[in-house]
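The primary structure of each chain is shown beneath.
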Amino acid sequence: MRIEIVGGGMVGLAFAIALKRSLPDAAVRVLEARVLPSGAPSPLDSRATALNLASRDILASWGIWSQIEVLGAAIKAIHVSSRGRFGSAVIEANDVGEPALGYVVENHHVGSMLLKLAADYGVLLEAPAGVTGVDVSGPNPQILRGTAAPISADLVVIADGADSPLCHQMGVDMARRDVGQRAVAANVRFEGLSLGTAWERFTDHGPIALLPLPDDVAGKQRYNLIWSMHPDESRVLEDANDAEFLQGLQRAVGWRLGRLTDVGRRTAWDLSRIAVREQVRAGVVIVGNAAHTLHPVAGQGFNLSLRDASRLAQTLAASHARSEHPSSLRVLRRYESAVARDQQETTQATDFLATLFRSRGVFLDLPRDAALAGLDLLVPLRKSIARRGTGKGMELVHEVGR
Ligand SMILES: Cc1cc2nc3c(=O)[nH]c(=O)nc-3n(C[C@H](O)[C@H](O)[C@H](O)COP(=O)(O)OP(=O)(O)OC[C@H]3O[C@@H](n4cnc5c(N)ncnc54)[C@H](O)[C@@H]3O)c2cc1C
């Protein structure tokens, strides 16, 4: 079986590993358009991902968790609050009976671990190798690469990122919801020592997420910031100098974490939720941001894709064991229904977080405060939310292969 994966981002690599592990005889190749980055960015310019406990378990089953864990920061608690209001809640690792609620790891570490593991499994990687189209008109899908001869495959996994140009080219319909916000991401430094707490702060303008990063070599605490807000406000902050930016952020997050001292390179983009209306065709699966782009506030996109990758690998292995053709539409539809509930619930939970606290006004603020205060007091509710956030609510094994 010949599997071609288009896109060598974290998701494309994760699918390559999961598929090669479950179908060791398959020839798996990743085609990545960009030259792969090498080396590490400066500590204030890196990007990071919060890996939840379900992701930890998947990466542990792949044998790389212990190496990833030492490079990350454990989230021991999540502090949820609302600016200028009385309600707040703390979700603790104890609520799920685990040493941590999740782990924040910089993307260059996750990426290089995945690259190395993929190579160890014998996955081929070609970069730079841009794909210009996928032709699904024949019995087998064909990868098009400009004037070069098309490549025929048994299965093409499309992982080319958000608003996937390849999906557009294939005429795949997309549901798009403009969130009406922009997000600014950057690493920031606070004075003092890290407590391993992640902060979700809801302001009148939109949510702020601060994820703890490992202290840098100078022993200073770093946080990864994602700040969503109205596009006009975002543009003001994007144009602000570092001192003005830090001042605005300090006003928004308060002083619980101490004084903000530094900010790294800022990136900003318009937020929209995009989901393709069909994730499979005969011989083709669409995955990762190409299939579902979520609001980053809840940090679920990569976590969800890792679970998708496990489910696809399990579905294909089960069909192979039954002598079915693993890339037939029938088998791929089985994968689509195996991931449907998890994808739907994760998307809904993320949307809920992103929009609940956006509106303002007395009548909306009151239930918001009550919800946060109630969340702190109602232990069973808090535990159930904490469990959901770990991504472990969904059993991976039982849902596939039916
Ligand atoms: C600020 C921010 C914070 C986030 N935080 C979290 C978090 O804490 N936890 C979490 O789980 N998720 C998080 N996410 C979401 C997560 O980053 C994404 O879900 C995930 O990175 C998507 O990866 P991907 O590989 O699908 O897409 P991408 O990373 O976009 O990769 C797509 C790849 O395909 C390549 N490509 C594109 N076109 C072609 C082509 N034609 N031919 C060949 N190659 C091509 C591109 O060069 C690229 O390398 C966050 C997202 C953002 C923006």
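Anything mentioned here points back to the structure above.
Residues numbered from 1 in each chain as written. Predicted model: local features only at pLDDT ≥ 70, side-chain atom pairs only at ≥ 80, totals over all residues.

Colleague: So what exactly am I meant to see when it comes to the site of the ligand here?
Modeller: Close to the ligand lie 31 residues, the nearest being Gly 7, Gly 9, Gly 161, Gly 288 and Gly 301. Elements with a minimum of two residues in the shell around the ligand: helix H1 (10–22), strand S3 (48–52) and helix H8 (301–321). Top element by residues in the shell around the ligand is H8. It accounts for four residues. Residue composition of the shell around the ligand, by class: 14 nonpolar, 14 polar and three charged. (Near = placed C-beta within 6 Å. Helix = DSSP H or I, 4+ residues; strand = E, 2+ residues; numbered from the N terminus. Nonpolar A, V, L, I, M, F, W, Y, C, P; charged D, E, K, R; others polar.)

Colleague: I tried to follow the packing of helix H2 (residues 53–61) against H8 on my own but got confused; where do I start?
Modeller: Geometrically, a packed helix pair is captured by the angle between its two axes and the distance between the axes. Close contact between H2 and H8 brings their axes to 9 Å; oriented N to C, the two are set at 45°. Compared by their axis directions, H2 and H8 come out oblique. Relative to H8, H2 is oriented so that their crossing is left-handed. Contacts between H2 and H8 involve Ala 54, Ser 55 and Ile 58 from the first element and Asn 303, Leu 306, Arg 307 and Ser 310 from the second. Broken down by class, the residue content of the contact of H2 with H8 amounts to three nonpolar, three polar and one charged. (Axes fitted to C-alpha atoms, helices over the stretch in contact; angles between N-to-C directions. Parallel < 35°, antiparallel > 145°, perpendicular 65-115°, else oblique. Left-handed = near helix turned anticlockwise from the far one by under 90°. Contact = placed C-beta atoms within 7 Å.)

Colleague: Just checking my understanding: could you explain the packing of H1 against H8 for this structure?
Modeller: Running from N to C, H1 and H8 point in directions that differ by 25°, and their axes come no closer than 9 Å. Of the possible angle classes, the one that applies to H1 and H8 is roughly parallel. Of the two elements, H1 crosses H8, and the hand of that crossing is right-handed. Here H1 contributes Met 10, Val 11, Ala 14, Phe 15, Ala 18, Leu 19, Arg 21 and Ser 22 to the contact with H8, which in turn contributes Phe 302, Ser 305, Leu 306, Ala 309, Ser 310, Leu 312, Ala 313, Gln 314, Leu 316 and Ala 317. Tallied by class, residues from the contact of H1 with H8 come to 13 nonpolar, four polar and one charged.

Colleague: It is not clear to me how the sheet that holds strand S10 (residues 142–145) should be interpreted in this structure. Could you clarify?
Modeller: Strand order in the open sheet made by the three strands is S9-S10-S11, with antiparallel pairing throughout. Both outer strands of the open sheet, strand S9 (133–135) and strand S11 (148–152), are each paired with one neighbouring strand and no more. Recorded for the sheet is a direction-independent mean angle of 30° between the axes of neighbouring strands. Both S9 and S10 contribute to a ladder of three bridges, which runs antiparallel. Within S10, the position partnered with Gly 133 by the bridge is Leu 144. (Pairing = 2+ DSSP bridges.)

Colleague: I'm lost on the environment of Ile 226 in this one. Help?
Modeller: With respect to the secondary-structure elements, Ile 226 resides in strand S16 (residues 221–229). C-alpha separation for the pair Ile 226 and Leu 211, spaced 15 residues apart in sequence, amounts to 8.6 Å.

Colleague: Explanation requested: helix H4 (residues 107–120) in the structure shown.
Modeller: Residues that lie three or four places apart on an α-helix share one face, since the helix turns once every 3.6 residues. With 14 residues, H4 ought to run about 20 Å at 1.5 Å a step, and its terminal C-alpha atoms sit 20 Å apart, in line with that. Where the residues of H4 are buried, they touch H1, S3, helix H3 (65–69), strand S7 (102–106) and strand S8 (124–126). Following H4 by one or two positions, Gly 122 adopts a phi angle in the positive range, close to 90°. (Expected span 1.5 Å × (residues − 1).)

Colleague: For this particular structure, what's the right way to read the nonpolar core?
Modeller: Grouped burial of nonpolar side chains is what soluble globular proteins tend to show. Phe 15 and Ile 158 are the most contacted members of the largest nonpolar core, which has 97 residues in total. When residues in this core are grouped by element, the largest group, nine residues, is from H1. For Phe 15, the contacting residues outside a window of four places in its chain are Ile 5, Val 157, Ala 159, Val 287, Ala 309 and Leu 312. (Core = buried A, V, L, I, M, F, W, Y, C linked by C-beta atoms within 7 Å. Buried ≥ 20, exposed ≤ 12 C-beta atoms within 10 Å, placed from the backbone.)

Colleague: How should the pairing of strand S18 (residues 267–276) be read in this particular structure?
Modeller: The side chains of a regular strand alternate between the sheet's two faces. Pairing analysis gives ten bridges linking strand S13 (residues 174–190) to S18, with the strands arranged antiparallel. Within S18, the position partnered with Asp 178 by the bridge is Ser 272. The pairing of S18 with strand S21 (residues 292–293) spans two bridges and is antiparallel. Bridge pairing links Ile 274 to Thr 293 in S21.

Colleague: Which parts of the structure should I look at to understand unusual backbone geometry?
Modeller: A negative phi holds for most residues other than glycine; trans holds for most peptide bonds. With an omega of 0°, the peptide bond running from Ala 127 to Pro 128 counts as cis. Turning to its location among the elements, Pro 128 is positioned in the loop between S8 and S9. Despite not being glycine, Asp 163 has its phi angle at roughly 55°, a positive value. By the secondary structure assignment, Asp 163 is in the loop between strand S12 (155–158) and helix H5 (165–169). The phi angle at Ser 323 is positive, at roughly 60°, despite the residue not being glycine. Tracing the backbone through its elements, the reader meets Ser 323 in the loop between H8 and helix H9 (329–356). For Ser 323, a count of 6 C-beta atoms within 10 Å translates into the label exposed.

Shape is all these values report; function is a separate question.
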